[in-house]
Amino acid sequence: MSTVDLPVVVGVDGSESSLRAVDWAADEAVLRGAPLRLVYASLWERYEGESLADDLTKPSDELMAEDVVDIAAQRAHHRQPGLKVTTDILPEEPEYALVHESREAAALVLGSRGRSGFVEMLLGSVGLTVAAQAHCPVIVLRGSHDNQVRTGSGGRIVLGVGGKEAVGFALREAELRGADVDAVRAWRAPARETTDHPLLSGEPARLHEQQASDTLEEALSEVPEKVRVHRQTVEGPARQVLLAASHTADLLVVGARRNTGHFGLQLGRVAHGVLHHAACPVAVVPERT
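So, here's what we can say about the structure.

## Focus on the pattern of salt bridges
When their charged atoms lie close together, side chains carrying opposite charge are able to pair. By the definition in use, this model includes 13 salt bridges. Its salt-bridge partner being D23, residue R75 comes within 2.8 Å of it at the nearest N-O pair. Of this pair, R75 sits in helix α4 (residues 61-79) while D23 sits in helix α1 (residues 16-32), placing them 52 residues apart in sequence. Note on R75: relative accessible area 26%, which makes it partly exposed. With a shortest N-O distance of 3.0 Å, R37 and D88 are connected by a salt bridge. With R37 in strand β2 (residues 36-41) and D88 in strand β3 (residues 85-90), the pair connects residues that are 51 residues apart, well separated along the chain.

Here it is as structure tokens:
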């Protein structure tokens, strides 16, 4: 399957949060010219025997799953008429099903709170596992304005500058949306480098700030002509700097590196922190090493 044909995948479970994720993912699919794939994953088949399936007094989990994907598909079609939408119901643990789906996805979109197999999506193990191990960018709809970034809205994308994959993702999103990018590099001068000499007191800090500025320039050496990028070096812990920036952003993009010898993608403190506390949607982009 070529990159152009890869779908935008969204995990659905019937919750309002996952339905907003469907809206966001439908817009994203149209921007990319990609199909949309709706996935419901649950181990109902393992726990629900034939006797329960034959019980007519209440719907089985299988029937509920069919309703969930049908409603999600209708919502996607209403949001973006003409969008190609496919659905699937998978008898698997949600985190493993979604990580597997990410192997052939342009992006994976998740709500921040769910029910059933997606309970406590972000604060529990499912969302963190998916963000940590996915093979494509994972977009999690954090914050109260989790549906503001949409087709033709312009807006503001905040990029935590680190790896090149996250930079590339943020610039492509900005180009698709006509959005500005605030590229942020946090820096800190180690306490051991401070000095009481009046002529040298500011030198260590200026050195670290210059290093941050150089990192920004190197990372942003190839910016699409139509994308406006605002470069910022900010003193402070990276997590706090990005969380503060998220309050006025439409999307926050961070990278997460694979560690050789470990399974999947290992979330660092910055990615972990913004997934829990950001005030806007967060895109976690795997960095290839």
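Here the narrative resumes.
## Some remarks on the nonpolar core
Counting residues in each nonpolar core, the largest one holds 46 residues, and the members touching the most others are V10, V12, L36, L38, I139, L159 and V253. Here the element with the most residues in this core is α1; it accounts for 7 residues. For I139, the contacting residues outside a window of four places in its chain are W24, A107, L108, V109, L110, F169, L251, V282 and A283. Core analysis: the second largest hydrophobic core is formed by 34 residues, V9, V184, A245 and A249 among them.

## Considerations on the packing of α1 against helix α7 (residues 164-177)
The packing of two helices is summarised by the inter-axis angle and the distance between the axes. In the contact formed by α1 and α7, the axes pass within 10 Å of each other and the chain directions differ by 85°. The angle between α1 and α7 falls in the class roughly perpendicular. Along its contact with α1, which presents W24, E28, L31 and R32, the element α7 presents F169, E173, L176 and R177. For the contact of α1 with α7, a count of residues per class yields 4 nonpolar, no polar and 4 charged.

About the thresholds
Residues numbered from 1 in each chain as written. Predicted model: local features only at pLDDT ≥ 70, side-chain atom pairs only at ≥ 80, totals over all residues. Heavy atoms only, no water. Salt bridge = Lys/Arg side-chain N within 4 Å of Asp/Glu carboxyl O. Helix = DSSP H or I, 4+ residues; strand = E, 2+ residues; numbered from the N terminus. Buried < 20%, exposed > 50% of the residue type's maximum accessible area, 1.4 Å probe, protein only. Core = buried A, V, L, I, M, F, W, Y, C linked by side-chain atoms within 4.5 Å. Contact = heavy atoms within 4.5 Å. Axes fitted to C-alpha atoms, helices over the stretch in contact; angles between N-to-C directions. Parallel < 35°, antiparallel > 145°, perpendicular 65-115°, else oblique. Nonpolar A, V, L, I, M, F, W, Y, C, P; charged D, E, K, R; others polar.

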